[in-house]
Every structure is written in C-alpha cells, then in structure tokens.
Amino acid sequence: MNANLAQRMQSSGTWIESEKFCRKYPTGSLRCSSRLKEKQKFPVIVSADFQPKRNKNGHRTVSLKVFCSYRNSPASVLESGSFHASSDESLILKNKSQEVGPCINGRCIYLVGMMGSGKTTVGKILSQVLGYSFCDCDTLVEQEVDGASVAEIFKLYGEGFFRNKETEALKKLSMMHRLVVSTGGGAVIRPINWKYMQKGISVWLDVPLEALAQRIAAVGTNSRPLLHHESGDEYTKAFRRLSTLLEERGEYYANANARVSLENIAAKLGYRDVSSITPTAIAIEALEKIENFLEEEEGIAYNGNVA
C-alpha cells in the first residue's frame, strides 16, 4: 500500500469492500474482529497521524489507525483496529507470528497433506518464526529402524510396519510442546493418530494434484514407495497414483483444524499458477488460518460457559 492510497482513505466514512481490498493489495492486511469480518462492507474513519516510512530492508510501509463501524450504523464507532501494509513477506510473517504465537500457547502444530505438499519446507519456516523446534515424523521412524529410508522400510517390512512406527512416533510427540511436526502423507488414515494430533493444532496443506505431480516428477519417484511401481513417465504415474490417494485420504485431511488452500492463496495474490506462491506466503496463510481456528475455538468455549 502506498502513501497516496493512505491519503485517499483519510476521508471520513469511506466504504471499503474487504475482499476487493485484499485482492488489490495482497501484501497488506486489514485486521478487524470476527464480528466485522462477517460484513462484506463497512465504513472506516482513518486518523490523520499516519507516517509513511522505510524499513531496514528499504521497503516502504504505511501504518494507519482505523476505526470501524457497521454500514447500518455509521455514527457509532464500535471498535478499533490497525492496518499495516508491506511488500516484505518476511516482515509480514514476523508480525503475524508475534500476533498469533502467544495465542497458540505452546501447543504443537501438525502439518498434514499429500506427499510433496511442502510440509517440511513450510514447517521449518513456521518453527523458526514461532521459536519452535521442527520435527519430521518420517525421519523419526527412519531413526527407529536403524536409519533405513522410508522406501527401504516399505520394501523390507511392509506398509503396516511403517504405519505402526508412525503411530508410535506421534504418540511420543503428542506429549511434547512447542513443536512443528511434518507428518507422513498417510498418517491421517488412522483414527488413533488424530487422537494424538488433537492435543495440538492440525493444518492441512491443500495443493492441487497437478502441482504435486509436477513437484514429484521433477525429483523422481524412487523415494516414494507408493508411487515407484506405477507405469508411465514420471508425471503421469505420479498424477495417477496421487489421484487415487487423494480419493482415499481427502475426507481425512478435511478433519484438520485449519486448511491452507494454495488455490485460494493464488487467487488472493492474483497468481495464475500456484507454483508462483512462495513458502513464506504459505506460512503466512497457515498462521492466519490458525488464528481463525483459535478465534472459533474461543467462541465455542465462551458460548459453552454461558450456557
């Protein structure tokens, strides 16, 4: 967001369509309470004490104080919030983590999703910005089986053996705190695994099949035991098998507390291809979805106490 836009917003009673605003200025964020989020439009009065400035990376930012009221009651100021815009994703991520992190209260974050969905990459970013430790569940299993790779474990002992070890690992992790855990793609199919993950916050990284197949084909399927025996070129066999797996697992992934859709992120940022989305942008979206979940959780707890 630039200073000119900020000046235009200074006029009292300016109408802002929140969805259109986010599409036009995807690097900014307009934060108001959940009550305001339910409204498609709301008038805002922006104080005149904003100061455009440059951060240490040379990116121009504008911070504004805004006061929001509902459309049908423009004279009453219901609550205040703050607007912050920046072209620096790292800064946005840092600010969001500082906002959401304390609310997580040390609970573990479990990333679920198909193979190739970026759980490890995004998980490491989240762990770093939250001050958590990162853990790859597959790596834990490999360490338990004398360092054998997942592909070797499948070949030597079978999938059932691997799933049992995976469940044992999740049981141990569920007793810990301040961890970001990258789970295996098939961890969601066992109800007992959900029992352990429910002690933390689960986040589904939902990536289109085409993008998954392209990612996996680029590195080969040798390390993917559930894909390696398919016929055809790398992309074709990856896409075919992933389609089957998603049909089997889709309803389980949907059990996650939060869903991060790369298609939705691309639409919001104005990208035609999800491959243009950076891992940092995905991490930002994950924190926003976690924040939404925590707000809903708090609302349910409040209503339950009132009842």
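Keep in mind that what you see is a predicted model, and the values were worked out from it rather than measured.

Parameters at a glance
Residues numbered from 1 in each chain as written. Predicted model: local features only at pLDDT ≥ 70, side-chain atom pairs only at ≥ 80, totals over all residues. Heavy atoms only, no water. Helix = DSSP H or I, 4+ residues; strand = E, 2+ residues; numbered from the N terminus. Buried < 20%, exposed > 50% of the residue type's maximum accessible area, 1.4 Å probe, protein only. Phe/Tyr/Trp six-rings, centres within 6.5 Å; stacked < 30°, edge-to-face > 60°. Lys NZ or Arg CZ within 6 Å of the ring centre and 35° of its normal. Pairing = 2+ DSSP bridges. Axes fitted to C-alpha atoms, helices over the stretch in contact; angles between N-to-C directions. Parallel < 35°, antiparallel > 145°, perpendicular 65-115°, else oblique. Contact = heavy atoms within 4.5 Å. Nonpolar A, V, L, I, M, F, W, Y, C, P; charged D, E, K, R; others polar. Polar contact = N/O pair within 3.5 Å; in protein donor to acceptor, adjacent residues only side chain to side chain. Salt bridge = Lys/Arg side-chain N within 4 Å of Asp/Glu carboxyl O. Core = buried A, V, L, I, M, F, W, Y, C linked by side-chain atoms within 4.5 Å.

Draft legend 1. Up close: the overall build of the protein. If you tally the helices and strands in the protein, you get 13 helices and eleven strands. Across the 307 residues that make up the protein, the buried fraction comes to 45%.

Draft legend 2. Expanded view of the packing of aromatic side chains. One pass over the full model with this rule turns up four aromatic pairs. When the ring of W204 is compared with that of Y253, the centres are 5.7 Å apart and the planes differ by 20°; the resulting orientation is stacked. Linking W204 in strand β10 (residues 201-206) with Y253 in helix α11 (residues 234-253), this pair joins segments that are 49 residues apart in sequence. A single burial state applies to W204 and to Y253, both of which are buried. Between R259 and the ring centre of W204, over which it is positioned, the NZ or CZ distance is 5.5 Å.

Draft legend 3. Main features of the sheet that holds strand β8 (residues 133-136). Taken in spatial order, the five strands make up an open sheet running β8-β9-β7-β10-β11, and their pairing is parallel. The sheet is open, and its two edges are formed by β8 and β11 (258-261), each paired on a single side. On average, adjacent strands in this sheet sit at an angle of 20° to one another, irrespective of strand direction.

Draft legend 4. Expanded view of the packing of helix α7 (residues 150-157) against helix α8 (residues 159-173). Closest axis-to-axis distance for the α7/α8 pair is 7 Å, and the angle between their directions is 125°. Put simply, α7 runs oblique to α8. Mapping the contact onto sequence places V150, I153, F154 and Y157 in α7 and E159, F161, F162 and R163 in α8. Residue classes in the contact of α7 with α8 are distributed as six nonpolar, no polar and two charged.

Draft legend 5. How the structure looks around the environment of K268. In this fold, K268 is placed in helix α12 (residues 262-269). Relative accessible area serves as the criterion here: at 28%, K268 is assigned to the partly exposed category. In terms of polar contacts, K268 uses its side chain to reach the side chain of E285, at 2.8 Å.

Draft legend 6. Up close: the pattern of salt bridges. One pass over the full model with this rule turns up eleven salt bridges. Among the salt bridges present, the one from E297 reaches R107, with a minimum N-O distance of 2.9 Å. Residue E297 is located in helix α13 (residues 279-306), and its partner R107 is located in the loop between α4 (89-104) and β7 (109-112); the two are separated by 190 residues in the primary sequence. You can call E297 partly exposed: its relative accessible area is 32%. Each member of the salt-bridge network shares a partner with another, and the members are K268, E285, E288 and K289.

Draft legend 7. Representation of unusual backbone geometry within the structure. Positive phi outside glycine occurs at N105, with the angle close to 60°. Secondary-structure assignment places N105 in the loop between α4 and β7. For D146, which is not glycine, the phi dihedral falls at a positive 55°. Looking at the secondary structure, you find D146 in the loop between α6 (137-144) and α7. Judged by its relative accessible area of 78%, D146 falls in the exposed class.

Draft legend 8. Looking closely at the nonpolar core. Within the largest apolar cluster, 61 residues are counted, with the highest numbers of intra-cluster contacts made by I104, V203 and L242. In terms of residue count, the dominant contributor to this core is α13 (nine residues). Setting aside chain neighbours within four positions, we find V203 in contact with I109, Y110, L111, V112, A256, A258, V260, A286 and I290. If you look at the next biggest cluster of nonpolar residues, it comprises seven residues, including V141, V145, F154 and F162.

Functional significance is not addressed by these values, which are geometric in nature.
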